[in-house]
Amino acid sequence: MSVLAYIESEEGKFKKASYEVASYAREVANMMGTDLTAVTFNAEDVSELGKYGVNKVLKISNDKLANFNAEAYADALKQAAEKEGSKVVILSQSANSKYLAPLLSVHLEAGYASNVVALPEGIEPFTVKRTAFTNKAFNFTKIDTDVKIIGLSKNAFGLKETEGEATAEDFSPNLSEEDFSVNVESVDKATNKVTIADAEVVVSGGRGLKGPENWGMIEEMADILGAATACSKPVSDMGWRPHSEHVGQTGKPVASNLYIAVGISGAIQHLAGINAAKTKVVINNDPEAPFFKAADYGVVGDAFEIVPKLNEKLKEF
Ligand code: FAD
């Protein structure tokens, strides 16, 4: 019996969320008193997983799986789970896993809990804490199927380093033509920028910035902090910024450690997408702006005066 962790990689490399899944899965395996097995698709070097408590890695190397393909990945993970006799399968709550987990749930006849933010409350019954209503509330979900699937919210658990080594075992699942009925292509964007999904820090601008020509100071702050840039919905609707930067209820979710909102009022639909950010800072010239109620730190003032000064200070660190 084991806990199975699906460790995502991109172009063969792991990301922070991958190690977070490993750390979390190790704790769950300890709670259950079972082994932990990780599964990777075309990962280059899996030894680093040892630092996060993984001892055994099923390494799938298959050119047909170079691009994410939900059907094929779900079939491969099902076979891995059956081989290991896994009772709990853990994935990161990434965009890809949101497609993958429900399919895997059908394959394994397993209950699936998404948006999980903590270790299970208990093993018998198996109860997990999840966010609900776009991160405004928590609920506790009991999963009573034999096999259980957990979608771990990004940045909810953090990394836990241990001492250990990961040994890799090649694993070749039997995949059929049906698994490849959907042809998935990947498109590379010509950008070296940090993505909102992976960023530790996100600097975001709203309509208070008056126009796209004023984003230089936002980009400068993002460069200094190694942050991703984001924006409110109207900003992307007006074409001031690309739609890929729109965050909120109808945009991308943010789960960074720090979210800095400049000239954003803090409408409920905006806050719905950024609630999971750990620390929120707002810069707004209206002391009545709703964002101040949601923020951990606030500066009341003109963004055009404050942001350049802040950038100068940040450069000193
Ligand atoms: P505004 O509301 O115009 O606020 C601008 C702010 O800038 C004000 O608070 C103002 O005081 C401040 N300001 C002005 N000048 C300065 C200055 N010089 N210095 C500092 N501050 C200044 N919105 C999202 O963002 N994401 C979503 O996903 C989203 N989904 C939606 C879904 C639905 C169904 C609906 C109906 C709406 C949605 N919205 C969403 C829109 C949302 O309701 C707000 O209209 C939007 O978030 C407001 O954007 P904003 O804060 O940039 O602009």
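Because the structure is predicted, anything quoted here is derived from the model rather than measured.

Analysis parameters
- Residues numbered from 1 in each chain as written.
- Predicted model: local features only at pLDDT ≥ 70, side-chain atom pairs only at ≥ 80, totals over all residues.
- Heavy atoms only, no water.
- Pairing = 2+ DSSP bridges.
- Helix = DSSP H or I, 4+ residues; strand = E, 2+ residues; numbered from the N terminus.
- Axes fitted to C-alpha atoms, helices over the stretch in contact; angles between N-to-C directions.
- Expected span 1.5 Å × (residues − 1).
- Buried < 20%, exposed > 50% of the residue type's maximum accessible area, 1.4 Å probe, protein only.
- Contact = heavy atoms within 4.5 Å.
- Salt bridge = Lys/Arg side-chain N within 4 Å of Asp/Glu carboxyl O.
- Core = buried A, V, L, I, M, F, W, Y, C linked by side-chain atoms within 4.5 Å.
- UniProt positions renumbered as here; feature names shortened; annotations may be inferred.
- Polar contact = N/O pair within 3.5 Å; in protein donor to acceptor, adjacent residues only side chain to side chain.

Draft legend 1. View of the sheet that holds strand 12 (residues 201-205). Read across the sheet, five strands follow the order 13-12-14-15-16 without closing on themselves; strand pairing throughout is parallel. Two strands lie at the open edges of the sheet, namely strand 13 (228-231) and strand 16 (297-300), each paired on one side alone. Looking at each pair of strands side by side, their axes are set apart by 15° on average, direction ignored. Strand direction decides the pairing type here: strand 15 (residues 279-284) and strand 16, joined by four bridges, are parallel. When the bridges of strand 16 are listed, Val281 appears paired with Tyr297.

Draft legend 2. Representation of helix 3 (residues 95-108) within the structure. A rise of 1.5 Å per residue sets the reference length of helix 3, with its 14 residues, at 20 Å; its end C-alpha atoms lie 21 Å apart and thus fit the reference within 8%. If you check which residues of helix 3 are buried, you get Ser97, Leu100, Ala101, Leu104, Ser105 and Leu108. Its buried side turned inward, helix 3 meets strand 1 (2-6), helix 2 (70-84), strand 6 (86-92), strand 7 (111-116) and strand 10 (148-152). Where helix 3 terminates, the next one or two residues include Glu109, which has phi positive at roughly 50°.

Draft legend 3. Seen up close, the pattern of salt bridges. Applying the stated criterion across every chain, the model contains 18 salt bridges. Where Glu219 meets Arg241, a salt bridge forms, and the shortest distance between an N and an O atom there is 3.1 Å. Note that Glu219 is positioned in helix 4 (residues 216-225) and Arg241 in the loop between helix 5 (233-237) and strand 14 (258-262), a separation of 22 residues in sequence. A relative accessible area of 11% means that Arg241 is categorised as buried.

Draft legend 4. Broad picture of the nonpolar core. The biggest cluster of nonpolar side chains holds 30 residues, and the ones touching the most others in it are Val3, Ile7, Tyr24, Leu49, Ile90 and Ile150. Contributing elements (two or more residues each) for this core: strand 1, helix 1 (16-32), strand 4 (35-41), strand 6, strand 7, strand 8 (126-132) and strand 10. Those residues within four positions of Leu49 in sequence are excluded, and the remaining contacts are Ile7, Phe14, Tyr19, Ala22, Thr40, Val54, Val57 and Ala166. The next biggest cluster of nonpolar side chains, apart from the first, holds 27 residues, and it includes Ile60, Leu77, Ile149 and Phe171.

Draft legend 5. Representation of the UniProt feature "binding site: FAD" (unreviewed entry) in the chain. In this structure's numbering, the residues bearing the UniProt feature "binding site: FAD" (unreviewed entry) are Arg207, Gly263, Ile264, Ser265, Gly266, Ala267, Ile268, Gln269, His270 and Asn284. With respect to the secondary-structure elements, Ile264 resides in the loop between strand 14 and helix 6 (268-274). If you trace the backbone, His270 turns up in helix 6. The exposure class of His270 is buried, given its relative accessible area of 7%. In this structure His270 touches Ser204, Cys231, Ser232, Val247, Gly248, Tyr259, Ile264 and Phe291, once residues within four positions along its chain are discounted. At 2.8 Å, the side chain of His270 and the side chain of Tyr259 are in polar contact.

Draft legend 6. Summary view of unusual backbone geometry. Residue Pro125 follows Glu124 across a cis peptide bond; omega there is 0°. Inspection of the secondary structure puts Pro125 in the loop between strand 7 and strand 8. In this structure, Asn42 takes a positive phi of about 55° despite not being glycine. Inspection of the secondary structure assignment puts Asn42 in the loop between strand 4 and strand 5 (56-60). Positive phi outside glycine occurs at Asn115, with the angle close to 55°. Along the chain, Asn115 falls in strand 7.

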